[in-house]
Amino acid sequence: MFFRSPFRARRYFRSGFRLRNNTLILLLIFFLIGLFLHYGGRTEPVVAFWNDLKSLVGLKSDRRASESANPYRAPEPKQEVEVDHTDTEASDDRSMLEKAKSNGKANRAELRVGEEKKLFDFEKLVDFTLPAFGPTDAIIRHDGYTLRYREEYEQADWVSYPLLENEILGDAERKNEQFQPDPMIETGSAISSDYSRSGYDRGHLAPAGDFKFSQQMMRQTFYMSNISPQKPEFNRGVWKSLEEQVRTWALRDKGLYVVTGPVLRPGLPTIGKKNRIAVPEYYYKVILYCNNPDIRMIAFLLKNEESTRSLKQFVVTVDEVEKRTGIDFFPKLPDQLEQQLESTRPSIMIENWFRL
DNA sequence: TTTTTTGT
(Lines give C-alpha, C1' and ligand atoms only; values in the text may rest on other atoms or scores of the structure.)
Protein backbone atom coordinates (compact mmCIF):
# COMPACT_ATOMS: atom_id res chain seq x y z
CA MET A 1 0.00 0.00 0.00
CA PHE A 2 1.44 3.33 -0.97
CA PHE A 3 -0.01 6.79 -0.41
CA ARG A 4 0.95 9.92 -2.20
CA SER A 5 1.01 11.89 1.02
CA PRO A 6 0.84 11.17 4.73
CA PHE A 7 -2.38 13.19 4.78
CA ARG A 8 -4.11 10.81 2.37
CA ALA A 9 -2.83 7.86 4.34
CA ARG A 10 -4.26 9.27 7.55
CA ARG A 11 -7.60 9.93 5.92
CA TYR A 12 -7.68 6.40 4.54
CA PHE A 13 -6.96 4.74 7.85
CA ARG A 14 -9.35 6.96 9.77
CA SER A 15 -12.22 6.27 7.45
CA GLY A 16 -11.40 2.58 7.62
CA PHE A 17 -11.55 2.47 11.39
CA ARG A 18 -14.65 4.60 11.62
CA LEU A 19 -16.54 2.61 9.08
CA ARG A 20 -15.68 -0.85 10.31
CA ASN A 21 -14.47 -0.20 13.80
CA ASN A 22 -12.66 -3.45 13.45
CA THR A 23 -9.41 -4.34 15.21
CA LEU A 24 -8.91 -7.16 12.74
CA ILE A 25 -7.97 -4.61 10.11
CA LEU A 26 -5.43 -3.11 12.45
CA LEU A 27 -3.96 -6.55 13.15
CA LEU A 28 -3.81 -7.28 9.45
CA ILE A 29 -1.95 -4.04 8.80
CA PHE A 30 0.59 -4.82 11.53
CA PHE A 31 0.98 -8.29 10.10
CA LEU A 32 1.64 -6.90 6.63
CA ILE A 33 4.10 -4.36 8.02
CA GLY A 34 5.85 -7.21 9.82
CA LEU A 35 6.03 -9.29 6.67
CA PHE A 36 7.32 -6.31 4.74
CA LEU A 37 10.03 -5.58 7.30
CA HIS A 38 11.05 -9.22 7.45
CA TYR A 39 11.17 -10.01 3.76
CA GLY A 40 11.48 -6.56 2.19
CA GLY A 41 15.27 -6.59 2.21
CA ARG A 42 15.60 -10.01 0.61
CA THR A 43 16.61 -10.37 -2.99
CA GLU A 44 13.61 -12.60 -3.68
CA PRO A 45 11.09 -11.88 -0.94
CA VAL A 46 8.31 -14.02 -2.39
CA VAL A 47 10.59 -17.04 -2.77
CA ALA A 48 11.92 -16.58 0.76
CA PHE A 49 8.41 -16.29 2.12
CA TRP A 50 7.28 -19.39 0.28
CA ASN A 51 10.32 -21.39 1.48
CA ASP A 52 9.65 -20.41 5.08
CA LEU A 53 6.00 -21.26 4.71
CA LYS A 54 6.87 -24.68 3.37
CA SER A 55 9.37 -25.38 6.12
CA LEU A 56 6.75 -24.31 8.68
CA VAL A 57 4.21 -26.71 7.28
CA GLY A 58 6.95 -29.35 7.11
CA LEU A 59 6.77 -30.13 3.42
CA LYS A 60 9.83 -31.92 2.19
CA SER A 61 9.30 -31.39 -1.49
CA ASP A 62 11.80 -28.61 -2.10
CA ARG A 63 14.75 -30.91 -2.73
CA ARG A 64 12.90 -33.11 -5.15
CA ALA A 65 11.47 -30.18 -7.05
CA SER A 66 14.93 -28.76 -7.49
CA GLU A 67 16.44 -31.95 -8.78
CA SER A 68 14.94 -31.48 -12.19
CA ALA A 69 17.12 -28.38 -12.38
CA ASN A 70 20.28 -30.44 -12.15
CA PRO A 71 21.68 -30.18 -15.67
CA TYR A 72 23.40 -33.54 -15.65
CA ARG A 73 21.99 -35.81 -13.01
CA ALA A 74 20.39 -38.96 -14.34
CA PRO A 75 16.79 -39.62 -13.34
CA GLU A 76 16.18 -42.13 -10.57
CA PRO A 77 15.83 -45.64 -11.97
CA LYS A 78 12.36 -47.22 -11.84
CA GLN A 79 13.79 -50.31 -10.21
CA GLU A 80 16.93 -50.24 -8.16
CA VAL A 81 19.88 -51.11 -10.31
CA GLU A 82 22.34 -52.99 -8.16
CA VAL A 83 25.70 -53.40 -9.80
CA ASP A 84 28.68 -55.03 -8.20
CA HIS A 85 31.18 -52.23 -8.59
CA THR A 86 34.12 -54.61 -8.60
CA ASP A 87 32.96 -55.64 -12.05
CA THR A 88 33.48 -52.88 -14.55
CA GLU A 89 33.11 -54.82 -17.74
CA ALA A 90 31.24 -52.99 -20.44
CA SER A 91 28.41 -55.53 -20.40
CA ASP A 92 27.28 -54.22 -17.03
CA ASP A 93 27.21 -50.69 -18.25
CA ARG A 94 25.47 -51.78 -21.41
CA SER A 95 22.59 -53.33 -19.50
CA MET A 96 22.18 -50.05 -17.65
CA LEU A 97 22.20 -48.23 -20.95
CA GLU A 98 19.41 -50.43 -22.25
CA LYS A 99 17.37 -49.73 -19.15
CA ALA A 100 17.91 -46.05 -19.65
CA LYS A 101 16.86 -46.29 -23.27
CA SER A 102 13.72 -48.19 -22.37
CA ASN A 103 12.93 -45.29 -20.09
CA GLY A 104 13.26 -43.08 -23.12
CA LYS A 105 16.21 -41.31 -21.59
CA ALA A 106 19.43 -42.49 -23.15
CA ASN A 107 21.56 -39.77 -21.65
CA ARG A 108 24.58 -41.91 -20.96
CA ALA A 109 27.96 -40.87 -22.18
CA GLU A 110 31.04 -42.48 -23.55
CA LEU A 111 34.15 -42.07 -21.54
CA ARG A 112 37.67 -42.60 -22.65
CA VAL A 113 39.67 -44.52 -20.10
CA GLY A 114 43.15 -44.83 -21.46
CA GLU A 115 42.68 -46.20 -24.96
CA GLU A 116 39.39 -47.92 -24.26
CA LYS A 117 35.91 -46.50 -24.61
CA LYS A 118 33.65 -47.26 -21.68
CA LEU A 119 29.96 -46.78 -21.34
CA PHE A 120 29.53 -44.74 -18.25
CA ASP A 121 26.30 -44.23 -16.40
CA PHE A 122 27.07 -44.64 -12.73
CA GLU A 123 24.90 -41.70 -11.72
CA LYS A 124 21.92 -44.00 -12.06
CA LEU A 125 23.16 -46.07 -9.16
CA VAL A 126 21.51 -45.52 -5.85
CA ASP A 127 23.95 -43.70 -3.56
CA PHE A 128 26.60 -43.37 -6.21
CA THR A 129 28.25 -40.40 -4.48
CA LEU A 130 28.61 -42.07 -1.09
CA PRO A 131 31.91 -43.48 0.09
CA ALA A 132 31.98 -47.21 0.73
CA PHE A 133 30.29 -48.35 3.95
CA GLY A 134 29.39 -51.56 5.74
CA PRO A 135 26.07 -52.95 6.97
CA THR A 136 26.75 -52.03 10.60
CA ASP A 137 27.81 -48.45 9.87
CA ALA A 138 25.60 -45.62 11.12
CA ILE A 139 24.59 -44.03 7.82
CA ILE A 140 22.36 -41.04 8.44
CA ARG A 141 20.37 -39.51 5.60
CA HIS A 142 19.12 -35.98 5.91
CA ASP A 143 17.40 -34.05 3.15
CA GLY A 144 20.50 -32.29 1.94
CA TYR A 145 23.33 -34.64 2.85
CA THR A 146 24.27 -38.10 4.04
CA LEU A 147 26.87 -38.88 6.70
CA ARG A 148 28.52 -41.74 8.51
CA TYR A 149 28.51 -41.20 12.26
CA ARG A 150 31.36 -42.55 14.37
CA GLU A 151 30.13 -42.94 17.91
CA GLU A 152 33.59 -43.42 19.41
CA TYR A 153 34.60 -39.98 18.11
CA GLU A 154 31.12 -38.37 18.53
CA GLN A 155 31.20 -36.97 14.99
CA ALA A 156 30.93 -38.01 11.36
CA ASP A 157 33.95 -39.21 9.44
CA TRP A 158 32.38 -38.37 6.09
CA VAL A 159 29.57 -36.12 4.91
CA SER A 160 28.51 -36.42 1.27
CA TYR A 161 26.18 -34.23 -0.81
CA PRO A 162 25.61 -32.90 -4.30
CA LEU A 163 26.17 -29.16 -4.51
CA LEU A 164 24.00 -27.64 -7.20
CA GLU A 165 23.94 -24.12 -8.53
CA ASN A 166 20.47 -23.27 -7.22
CA GLU A 167 21.30 -24.52 -3.72
CA ILE A 168 23.84 -21.77 -3.23
CA LEU A 169 21.70 -18.96 -4.55
CA GLY A 170 18.69 -19.15 -2.23
CA ASP A 171 17.54 -16.95 0.61
CA ALA A 172 17.75 -19.21 3.65
CA GLU A 173 19.46 -17.61 6.63
CA ARG A 174 21.52 -19.03 9.43
CA LYS A 175 20.89 -16.32 12.00
CA ASN A 176 17.88 -17.98 13.66
CA GLU A 177 19.21 -21.52 13.55
CA GLN A 178 20.57 -23.32 16.58
CA PHE A 179 22.84 -26.30 17.01
CA GLN A 180 20.78 -29.35 17.96
CA PRO A 181 21.52 -32.97 18.74
CA ASP A 182 20.77 -35.17 15.75
CA PRO A 183 17.58 -37.13 16.51
CA MET A 184 18.55 -39.78 13.98
CA ILE A 185 21.68 -40.91 15.85
CA GLU A 186 20.45 -43.86 17.92
CA THR A 187 23.48 -43.80 20.22
CA GLY A 188 22.97 -40.08 20.77
CA SER A 189 25.01 -37.42 19.02
CA ALA A 190 27.20 -34.83 20.69
CA ILE A 191 25.29 -31.90 22.17
CA SER A 192 25.93 -28.24 21.69
CA SER A 193 27.10 -27.65 25.27
CA ASP A 194 29.89 -30.22 24.81
CA TYR A 195 31.62 -27.51 22.78
CA SER A 196 30.90 -24.60 25.12
CA ARG A 197 34.02 -22.83 26.39
CA SER A 198 36.16 -25.57 24.86
CA GLY A 199 38.04 -23.03 22.79
CA TYR A 200 36.88 -24.81 19.63
CA ASP A 201 34.28 -23.74 17.09
CA ARG A 202 31.29 -25.89 16.23
CA GLY A 203 32.57 -26.28 12.69
CA HIS A 204 30.13 -27.36 9.99
CA LEU A 205 31.23 -30.27 7.80
CA ALA A 206 28.44 -29.70 5.26
CA PRO A 207 28.50 -25.87 5.39
CA ALA A 208 25.28 -23.99 6.09
CA GLY A 209 26.19 -21.74 3.16
CA ASP A 210 25.83 -24.67 0.76
CA PHE A 211 22.10 -24.93 1.51
CA LYS A 212 20.84 -21.41 1.07
CA PHE A 213 17.92 -22.47 -1.08
CA SER A 214 16.01 -24.25 1.69
CA GLN A 215 15.62 -23.14 5.28
CA GLN A 216 14.75 -26.68 6.30
CA MET A 217 17.89 -28.12 4.75
CA MET A 218 20.05 -25.40 6.24
CA ARG A 219 18.47 -26.17 9.62
CA GLN A 220 19.57 -29.77 9.25
CA THR A 221 23.20 -28.75 8.82
CA PHE A 222 23.02 -27.55 12.43
CA TYR A 223 22.59 -31.09 13.71
CA MET A 224 25.55 -31.91 15.93
CA SER A 225 26.29 -34.98 13.80
CA ASN A 226 27.44 -32.53 11.12
CA ILE A 227 29.68 -30.62 13.52
CA SER A 228 33.35 -31.10 14.38
CA PRO A 229 35.63 -29.18 16.75
CA GLN A 230 37.70 -26.76 14.70
CA LYS A 231 40.09 -24.09 15.84
CA PRO A 232 38.40 -20.72 15.30
CA GLU A 233 41.37 -19.42 13.28
CA PHE A 234 41.03 -22.46 11.04
CA ASN A 235 37.24 -22.55 10.70
CA ARG A 236 36.92 -18.84 10.02
CA GLY A 237 40.09 -18.72 7.94
CA VAL A 238 41.45 -21.24 5.42
CA TRP A 239 38.59 -23.69 5.87
CA LYS A 240 36.06 -20.96 5.12
CA SER A 241 38.11 -19.94 2.07
CA LEU A 242 38.03 -23.51 0.83
CA GLU A 243 34.26 -23.70 1.30
CA GLU A 244 33.89 -20.49 -0.65
CA GLN A 245 36.18 -21.80 -3.39
CA VAL A 246 34.02 -24.92 -3.71
CA ARG A 247 30.86 -22.80 -4.00
CA THR A 248 32.53 -20.71 -6.68
CA TRP A 249 33.38 -23.85 -8.61
CA ALA A 250 29.87 -25.22 -8.16
CA LEU A 251 28.49 -22.04 -9.74
CA ARG A 252 31.01 -22.15 -12.56
CA ASP A 253 30.49 -25.86 -13.26
CA LYS A 254 26.72 -25.95 -12.55
CA GLY A 255 27.08 -28.59 -9.87
CA LEU A 256 29.62 -30.71 -8.00
CA TYR A 257 29.69 -33.66 -5.65
CA VAL A 258 31.34 -33.00 -2.31
CA VAL A 259 32.62 -35.38 0.34
CA THR A 260 34.19 -33.82 3.41
CA GLY A 261 35.17 -34.76 6.94
CA PRO A 262 37.80 -35.00 9.64
CA VAL A 263 40.70 -37.44 9.71
CA LEU A 264 39.82 -39.57 12.73
CA ARG A 265 42.19 -41.90 14.54
CA PRO A 266 42.57 -43.29 18.06
CA GLY A 267 44.47 -41.17 20.53
CA LEU A 268 43.22 -37.74 19.48
CA PRO A 269 42.68 -35.21 22.30
CA THR A 270 39.04 -34.76 23.31
CA ILE A 271 36.63 -32.06 24.49
CA GLY A 272 33.15 -32.32 26.01
CA LYS A 273 31.26 -32.73 29.24
CA LYS A 274 28.50 -35.19 28.48
CA ASN A 275 30.34 -36.75 25.51
CA ARG A 276 33.99 -37.14 24.61
CA ILE A 277 34.53 -35.55 21.23
CA ALA A 278 37.80 -36.17 19.43
CA VAL A 279 39.59 -33.04 18.20
CA PRO A 280 40.84 -33.85 14.67
CA GLU A 281 44.26 -32.76 13.54
CA TYR A 282 43.34 -32.73 9.84
CA TYR A 283 40.30 -32.21 7.63
CA TYR A 284 39.81 -33.26 4.02
CA LYS A 285 37.56 -32.43 1.08
CA VAL A 286 37.14 -34.55 -2.04
CA ILE A 287 35.32 -32.90 -4.95
CA LEU A 288 33.99 -34.64 -8.04
CA TYR A 289 32.90 -32.88 -11.19
CA CYS A 290 30.94 -35.17 -13.47
CA ASN A 291 29.22 -33.76 -16.52
CA ASN A 292 29.43 -36.60 -18.98
CA PRO A 293 31.77 -37.09 -20.64
CA ASP A 294 33.89 -34.65 -18.63
CA ILE A 295 34.98 -35.88 -15.26
CA ARG A 296 37.60 -34.72 -12.79
CA MET A 297 38.42 -34.79 -9.09
CA ILE A 298 40.37 -32.78 -6.60
CA ALA A 299 41.25 -33.38 -2.97
CA PHE A 300 42.41 -31.14 -0.14
CA LEU A 301 44.01 -32.01 3.18
CA LEU A 302 44.29 -29.20 5.73
CA LYS A 303 45.67 -29.06 9.23
CA ASN A 304 43.29 -27.82 11.95
CA GLU A 305 45.24 -24.60 12.48
CA GLU A 306 45.59 -21.08 11.20
CA SER A 307 47.19 -20.72 7.79
CA THR A 308 47.76 -17.96 5.29
CA ARG A 309 49.02 -20.31 2.61
CA SER A 310 47.24 -20.52 -0.72
CA LEU A 311 44.63 -23.26 -1.15
CA LYS A 312 46.68 -24.77 -3.94
CA GLN A 313 49.27 -25.80 -1.40
CA PHE A 314 46.78 -28.13 0.29
CA VAL A 315 45.94 -30.13 -2.82
CA VAL A 316 46.73 -33.82 -2.51
CA THR A 317 45.77 -36.96 -4.45
CA VAL A 318 42.50 -38.63 -3.46
CA ASP A 319 44.64 -41.71 -2.82
CA GLU A 320 46.46 -39.75 -0.13
CA VAL A 321 43.17 -38.91 1.63
CA GLU A 322 42.09 -42.53 1.34
CA LYS A 323 45.36 -43.65 2.91
CA ARG A 324 44.97 -41.22 5.82
CA THR A 325 41.28 -41.91 6.51
CA GLY A 326 40.79 -45.49 5.35
CA ILE A 327 37.75 -44.28 3.36
CA ASP A 328 37.07 -45.45 -0.20
CA PHE A 329 35.69 -42.48 -2.15
CA PHE A 330 33.34 -42.85 -5.14
CA PRO A 331 33.51 -46.66 -5.15
CA LYS A 332 30.77 -46.88 -7.80
CA LEU A 333 32.96 -45.41 -10.49
CA PRO A 334 34.32 -47.99 -12.88
CA ASP A 335 37.50 -49.23 -11.21
CA GLN A 336 39.89 -48.20 -13.91
CA LEU A 337 38.44 -44.70 -14.07
CA GLU A 338 38.40 -44.39 -10.29
CA GLN A 339 42.00 -45.50 -10.08
CA GLN A 340 43.01 -43.02 -12.75
CA LEU A 341 41.14 -40.07 -11.18
CA GLU A 342 42.24 -40.75 -7.63
CA SER A 343 45.92 -41.03 -8.44
CA THR A 344 46.03 -37.85 -10.55
CA ARG A 345 48.97 -35.72 -9.47
CA PRO A 346 48.18 -32.59 -7.44
CA SER A 347 49.76 -30.37 -10.10
CA ILE A 348 47.35 -31.73 -12.72
CA MET A 349 44.39 -31.29 -10.37
CA ILE A 350 45.40 -27.68 -9.77
CA GLU A 351 45.69 -27.12 -13.48
CA ASN A 352 42.26 -28.60 -14.15
CA TRP A 353 40.42 -26.80 -11.39
CA PHE A 354 42.06 -23.44 -10.77
CA ARG A 355 42.37 -22.27 -14.39
CA LEU A 356 39.36 -20.60 -16.07
C1' DT B 1 28.98 -12.89 2.63
C1' DT B 2 29.95 -16.55 5.81
C1' DT B 3 32.23 -18.44 9.74
C1' DT B 4 31.29 -18.22 14.71
C1' DT B 5 31.49 -16.76 20.22
C1' DT B 6 28.48 -15.77 25.06
C1' DG B 7 23.75 -16.46 28.49
C1' DT B 8 18.89 -18.54 30.52
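Up top is the structure these notes are about.
Throughout what follows, the structure given in this document is the object of discussion.

What counts and what doesn't
Position numbers for residues start from 1 in each chain and track the written sequence from start to end. As a convention, the first chain written is A and the first ligand written is 1, with the rest following in written order. Per-residue local features of the predicted model are confined to residues with pLDDT of at least 70, and side-chain atom pairs are confined, for both listing and counting, to 80 or more; whole-chain, interface and lining totals are unaffected and use all residues. As a rule here, side-chain values cover all heavy atoms of the structure and leave hydrogens and water aside. Here a salt bridge means any side-chain nitrogen of Lys or Arg lying within 4 Å of a carboxyl oxygen belonging to Asp or Glu. For helices the rule is a DSSP run of H or I covering at least 4 residues; for strands it is a run of E covering at least 2, with both sets numbered from the N terminus onward. Exposure is judged per residue with a 1.4 Å probe applied to protein chains only, and the accessible area is read against the type maximum: over 50% gives exposed, under 20% gives buried, and values in between give partly exposed. Neighbouring residues are identified by heavy atoms, a residue being near a molecule or strand if any of them is within 4 Å of it. The term polar contact refers here to a pair of N or O atoms within 3.5 Å; inside protein, the definition further demands a hydrogen-donor-capable atom paired with an acceptor-capable atom, and it admits residues adjacent in sequence only when both atoms are side-chain atoms. Gly is put with the polar residues, along with every residue not named as nonpolar or charged; the nonpolar set is Ala, Val, Leu, Ile, Met, Phe, Trp, Tyr, Cys and Pro, and the charged set is Asp, Glu, Lys and Arg. In this analysis, strands are considered paired if DSSP registers two or more bridges between them. We call two residues contacting when some pair of their heavy atoms lies within 4.5 Å. The convention used is that axes are lines fitted to C-alpha atoms, helices contributing only their stretch in contact, and that angles between N-to-C directions extend from 0 to 180 degrees. Here is the rule: rings of Phe, Tyr and Trp (six-membered ring for Trp) pair when centre to centre is within 6.5 Å. Planes less than 30 degrees apart are stacked, more than 60 are edge-to-face, and the remainder are tilted. For a ring to carry a charge above it, either NZ of a lysine or CZ of an arginine must fall within 6 Å of the ring centroid while also lying within 35 degrees of the normal to the ring plane. The directions from the helix axis to the C-beta atoms are what the arc is built from. Nine residue types can take part in a nonpolar core, namely buried Ala, Val, Leu, Ile, Met, Phe, Trp, Tyr and Cys, and a core is a set of them joined through side-chain atoms within 4.5 Å.

1. With respect to the pattern of salt bridges
Right, so step 1: Counted by the stated rule, this structure contains 15 salt bridges.
Right, so step 2: Arg-148 is the partner of Asp-137 in a salt bridge, and the nearest nitrogen-oxygen pair spans 2.8 Å. Taken together, the positions of Asp-137 in the loop between strand E2 (116-120) and strand E3 (138-141) and Arg-148 in strand E4 (residues 146-150) put the pair 11 residues apart, joining distant regions of the chain.
Right, so step 3: Exposure remark for Asp-137: the relative accessible area of 27% places this residue in the partly exposed category.
Right, so step 4: Arg-265 is paired through a salt bridge with Glu-281; the nearest N and O atoms lie 3.2 Å apart. You can see Arg-265 sitting in the loop between strand E8 (256-262) and strand E9 (270-271) and its partner Glu-281 sitting in the loop between strand E10 (277-278) and strand E11 (282-291), a full 16 residues away along the chain.
Right, so step 5: Given the relative accessible area of 38%, Arg-265 is considered partly exposed.
Right, so step 6: Of the residues examined, Glu-281 reaches a relative accessible area of 31% and is grouped as partly exposed.
Right, so step 7: Connected through shared salt-bridge partners, Asp-137, Arg-148, Arg-150, Glu-152 and Asp-157 make up one network.

2. With respect to the protein's contact with DNA strand B
Right, so step 1: Taken together, the neighbourhood of DNA strand B is formed by 19 residues, with Arg-174, Arg-197, His-204, Lys-212 and Asn-235 sitting nearest.
Right, so step 2: In the interface set of DNA strand B, defined as its atoms within 4 Å of the protein, sugar plus phosphate atoms amount to 83%.
Right, so step 3: Residue Lys-240 places a side-chain N or O atom 2.8 Å away from a base oxygen belonging to DNA strand B.
Right, so step 4: At the level of secondary structure, the elements contributing two or more residues to the surface near DNA strand B comprise strand E6 (201-204) and helix H9 (238-253).
Right, so step 5: A per-class count over the surface near DNA strand B returns four nonpolar, five polar and 10 charged.

3. A closer look at unusual backbone geometry
Right, so step 1: We note that Glu-154 has phi near 55°; this positive angle belongs to a residue other than glycine.
Right, so step 2: For Glu-154, a relative accessible area of 5% gives the class buried.
Right, so step 3: Even without glycine at this site, Phe-330 takes up a positive phi of about 50°.
Right, so step 4: Tracing the backbone through its elements, the reader meets Phe-330 in the loop between helix H10 (318-325) and helix H11 (335-342).

4. Points about the sheet that holds E8
Right, so step 1: Sheet architecture is open: seven strands sit in the order E3-E4-E5-E8-E11-E12-E13, paired in antiparallel fashion. Whereas interior strands pair on both sides, the edge strands pair on one side only; in this sheet they are E3 and strand E13 (315-316).
Right, so step 2: Of the pairings in the sheet, the one linking E4 to strand E5 (residues 155-163) comprises five bridges and is antiparallel in character. Paired with Thr-146 across the two strands is Ser-160, which belongs to E5.
Right, so step 3: Strands in contact with helix H12 (residues 346-354) are E8, E11, strand E12 (294-303) and E13; relative to E12, the strand with the most contacts, it is inclined by about 115°.

5. Quick look at the packing of aromatic side chains
Right, so step 1: For the structure on display, the rule yields 12 aromatic pairs.
Right, so step 2: Both rings, one in Phe-179 and one in Phe-222, keep their centres 5.0 Å apart while their planes meet at 50°; by these two values the pair is tilted. One end of the pair, Phe-179, is in the loop between helix H6 (165-168) and E6; the other, Phe-222, is in the loop between helix H7 (215-220) and strand E7 (227-230), and 43 residues separate them in sequence.
Right, so step 3: For Phe-179, a relative accessible area of 23% gives the class partly exposed.
Right, so step 4: Phe-222 gets classed as buried once you look at its relative accessible area, which sits at 1%.
Right, so step 5: The positively charged end of Arg-296 is found above the aromatic ring belonging to Trp-353, 4.6 Å away from the centroid.
Right, so step 6: Here the guanidinium or amino end of Arg-324 rests over the ring plane of Tyr-282, the centre of that ring lying 4.9 Å away.

6. Some details on H11
Right, so step 1: Leu-337, Glu-338, Leu-341 and Glu-342 are the residues of H11 that are buried. Here the buried residues of H11 occupy an arc of 120° about the axis, which is enough to place them on one side.

7. Let's talk about the nonpolar core
Right, so step 1: Formed by 71 residues in total, the largest nonpolar core has its most connected members in Tyr-284, Phe-300, Phe-329 and Phe-330.
Right, so step 2: Once residues lying within four places of it in the same chain are set aside, the contact partners of Phe-330 are Phe-128, Thr-129, Leu-130, Tyr-257, Val-259, Val-286, Leu-288, Met-297, Glu-338 and Glu-342.

8. What about the pairing of E11?
Consecutive side chains of a regular strand alternate in pointing toward one face of the sheet and then the other.
Right, so step 1: Counting buried positions along E11 yields eight of 10 residues, so the element is predominantly enclosed.
Right, so step 2: Across six bridges, the pairing between E8 and E11 is antiparallel. Looking at the pairing, Val-259 lines up with Val-286 of E11.
Right, so step 3: Looking at chain direction, E11 and E12 are connected through 10 bridges and run antiparallel. Residue pairing for E12: Tyr-283 is matched across the bridge by Leu-302.
Right, so step 4: Joining the antiparallel neighbours E11 and E12 is a turn of two residues.

9. Some words on the side chain of Ser-189
Right, so step 1: Among the secondary structure elements, Ser-189 is positioned in the loop between H6 and E6.
Right, so step 2: Within polar-contact distance, the side chain of Ser-189 engages the backbone nitrogen of Asp-182 at 2.9 Å.

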